[in-house]
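As a plain string of letters, each chain reads:
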Amino acid sequence: MEACTELTEGTVGKSLKKFLKKNIVDAGLSDNLAVLDKVLGGNISKKLGIEVAVLSENVKELFRGIRLHLTELIEGLDETEMKSMALGLSHTLSRFKLKFSPDKVDTMIIQAVGLLDDLDKELNNFAMRLREWYGWHFPEMGKIVTENLAYAKVVKLMGLKTRAKELDFSQVGVPDEIASEVRHAAETSMGTEITQEDLGNIKTLSERVIELTEYRASLSEYLKLRMNAIAPNLTYMVGELVGARLISQAGSLMSLAKHPSSTVQILGAEKALFRALKTKKSTPKYGLIYHASLVGQSAPALKGKISRVLAAKLSLCCRVDALGDQVEPTLGKEFKEYVEQRLASLEEGGMKSLSKGVSRQGTAKHEKKPASKGSAAAYNAEDDVVEEAAPKKRKKAAEAEEEVAEDEAPKKKKKKKAVEAEEEAEEAEEAPVKKKKKKAAAAEE
C-alpha cells in the first residue's frame, strides 16, 4: 500500500528506485521507459537519468494491451487472485486517503453546522405549531410564557388548563410570578374545550420540541469542541458558529485558507456581489463575518473598515490552523487584540473629526487699570468693563458710502433739469402747429 500511495502521489519510492536501477541503469538499457503519469515520469528522469516517454497515443495503447493480457504475460498469475488483490488494495487505499486527507477532517464541522441550522428552522416551526394548537384551549398562556422551551414544558406538565391551580410549576423551572399569572389566566380563559385524544397529540408535539431543544444544545457543544480542536485561532477570533459557517461556505478549511482576505470578507454575500457587478453599483462590504462580535459592536459607519481588518487577520489565522500544528490560539489572541485596538482608534478618530471646525467664541482681553494709592477698598466700575477694539473697517466703509451718496445727489439734479428742458421744447414745438391748423380751418370757412 505504501508503494501504491507513492505512485499515486508521483514520488519515486525506495522499492521503485531500486527496481529501476537494477533492471535498467545497471543493465545498460538505452530504450525509453513508458510512463503513464507525467509527474512520475519527470521524477524518474531527474533522479535516475532515464529517458521517459510520457502520455503519447502509443504509450496508452501499450498500457491497454498489457492490462488486458497481464495474466498471460506473467507466469503463475491467476486472474481471480489478481481481481481480489486489486479490490483489497483499492479499499485500503481509499480508507487511507479519507483518514489522512486534510480536506476531510473538517467534514464533521460542515455537517454539524448544517444540521444546527436545520434544527433551528424545524424547532421554530414546531414551537409555532404548538402555540397555535394549544392556543385554542388556553390562548392567554402564549403571552405569559414567551420562551418556547418553557412553553413546551408547561404544556406537557399541565395538560388541561383546569389543572393549573393544583400544579407546582417550579418543577419545570418557571418563576413564581409567571406561575401565578398562568393560574389567574386559567380561571378566566376564553379557550375552547378539547378531548383527551387532542391533548395526547399536543403533548407528543411538546415532547418533540423538548427533545429537539436538548439535542440542539448538545450539538452546539460538540461543534464548539470540534472547532477548538481543528481551528483554534479562527474560533477565538469570530466564535465557533461564524467560523464553522465560513468553513462550510468555502468547502473545507484548506480551501478557506487558500482564499485571499478580500474573498473571506464577502464570503456568504455572493448574490449581492454579482448583482452589484451586474447593475454597476457599490459592492457589499461584508458577508458572514457581519455576525462576528467585533463587527457587531462597531458603529455603522465603521463596519466596513473593521470587517476589512478582521478579514485580513482571519485569512492568516485560517492558514495557520490548516497548515500548522498549533493547539492553543496564540495567534488568534494577538490578532484579536490588534483588531480591538484598531476599532478603538477608529472610534477616537471619528470623535475628533466630529469636533473639527468648532471654535470658541472670540473674547477681548480685559486689562485691569492700576489702582490709585489710598483707594484699595474702593470699587471702580470702569475696571469691570471689557475694552473692545475700535471697528476701523466699519468707519471707513460708512465714510465711503456717504461720499458715494453725495456724488450721486448732483447727478440726479442734473438729470431732472435735462428732463424738464426737453419737455418745454416739446411744448413749444406743438404750440405753432396748433396755430397753423386753426388758421387753415378759418380760411376754408
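Before reading on, note that the structure itself is shown above.
The structure reproduced in this document is the subject of the present report. Worth saying up front: this structure is predicted, and the values here are computed from it rather than measured.

## Details of the packing of helix H9 (residues 148-158) against helix H11 (residues 196-230)
For the pair H9 and H11, the least separation of the axes is 9 Å and the interaxial angle reads 140°. When the axis of H9 is compared with that of H11, the two are oblique. When you trace H9 past H11, the crossing you get is left-handed. Seen from H9, the contacting residues are Leu149, Ala152, Lys153, Val155 and Lys156; seen from H11, they are Ile202, Lys203, Ser206, Glu207, Val209, Ile210 and Thr213.

## Considering the packing of aromatic side chains
Two aromatic rings, taken as a pair, are described by how far apart their centres are and by the angle between their planes. In this structure the tally under the stated criterion is two aromatic pairs. Consider the rings of Tyr286 and Tyr290, whose centres lie 4.9 Å apart with planes at 35°: the pair is tilted. For the cation-ring pair, Lys313 lies above Phe335, with the distance from its terminal atom to the ring centre recorded as 4.8 Å. Over the ring of Tyr338 we find Lys313; its NZ or CZ atom is 4.6 Å from the centre of that ring.

## Observations regarding the pattern of salt bridges
Oppositely charged side chains are able to pair whenever their charged atoms sit close together. Applying the stated criterion across every chain yields a total of seven salt bridges. Taking the shortest distance from any N to any O, the salt bridge between Asp120 and Arg216 comes out at 2.4 Å. Highlighted residues: Asp120 in helix H7 (residues 107-135) and Arg216 in helix H11, separated in sequence by 96 residues. Take Arg216: its relative accessible area is 23%, and that puts it in the partly exposed class. In this structure, Lys165 engages Glu187 in a salt bridge whose closest nitrogen and oxygen atoms are separated by 3.7 Å. Here Glu187 lies in helix H10 (residues 176-187) and Lys165 lies in the loop between H9 and H10, a separation of 22 residues in the sequence. Judged by relative accessible area, Lys165 falls into the exposed class, the value being 60%.

## A closer look at the packing of helix H2 (residues 14-25) against helix H3 (residues 38-48)
Angle between the axes and distance between the axes are the two parameters that describe a pair of packed helices. The contact between H2 and H3 brings their axes to 12 Å, and the two run at 65°. The crossing of H2 and H3 is right-handed. Side by side, H2 and H3 meet where Leu16, Lys17, Leu20 and Val25 of the first sit next to Leu40, Ile44 and Leu48 of the second. Its residues assigned to classes, the contact of H2 with H3 comprises six nonpolar, no polar and one charged.

## Here we look at a nonpolar patch on the surface
On the surface, Leu62, Ile66, Leu73 and Ile74 cluster together into a nonpolar patch covering about 360 Å² of accessible area. Assignment of secondary structure puts Leu62 in helix H4 (residues 57-68).

## Focus on the nonpolar core
By size, the foremost hydrophobic cluster in this structure holds 42 residues, and its most contacted members are Leu234, Leu246, Leu256 and Leu314. Every element with two or more residues in this core is listed here: H7, H11, helix H12 (232-238), helix H13 (240-250), helix H14 (253-258), helix H17 (293-296), helix H18 (303-323) and helix H19 (330-354). Among the elements that take part in this core, H18 stands out by supplying seven residues, more than any other. Setting aside anything within four residues of it in sequence, one finds Leu314 in contact with Leu234, Met237, Val238, Leu246, Val264 and Ile289.

Reading guide: rules and limits
- Residues numbered from 1 in each chain as written.
- Predicted model: local features only at pLDDT ≥ 70, side-chain atom pairs only at ≥ 80, totals over all residues.
- Heavy atoms only, no water.
- Axes fitted to C-alpha atoms, helices over the stretch in contact; angles between N-to-C directions.
- Helix = DSSP H or I, 4+ residues; strand = E, 2+ residues; numbered from the N terminus.
- Parallel < 35°, antiparallel > 145°, perpendicular 65-115°, else oblique.
- Left-handed = near helix turned anticlockwise from the far one by under 90°.
- Contact = heavy atoms within 4.5 Å.
- Phe/Tyr/Trp six-rings, centres within 6.5 Å; stacked < 30°, edge-to-face > 60°.
- Lys NZ or Arg CZ within 6 Å of the ring centre and 35° of its normal.
- Salt bridge = Lys/Arg side-chain N within 4 Å of Asp/Glu carboxyl O.
- Buried < 20%, exposed > 50% of the residue type's maximum accessible area, 1.4 Å probe, protein only.
- Nonpolar A, V, L, I, M, F, W, Y, C, P; charged D, E, K, R; others polar.
- Patch = residues over 30% accessible without salt bridge, like charges linked within 9 Å, V, L, I, M, F, W, Y side chains within 5 Å.
- Areas by Shrake-Rupley, 256 points an atom, 1.4 Å probe, with all protein chains shown as cover.
- Core = buried A, V, L, I, M, F, W, Y, C linked by side-chain atoms within 4.5 Å.

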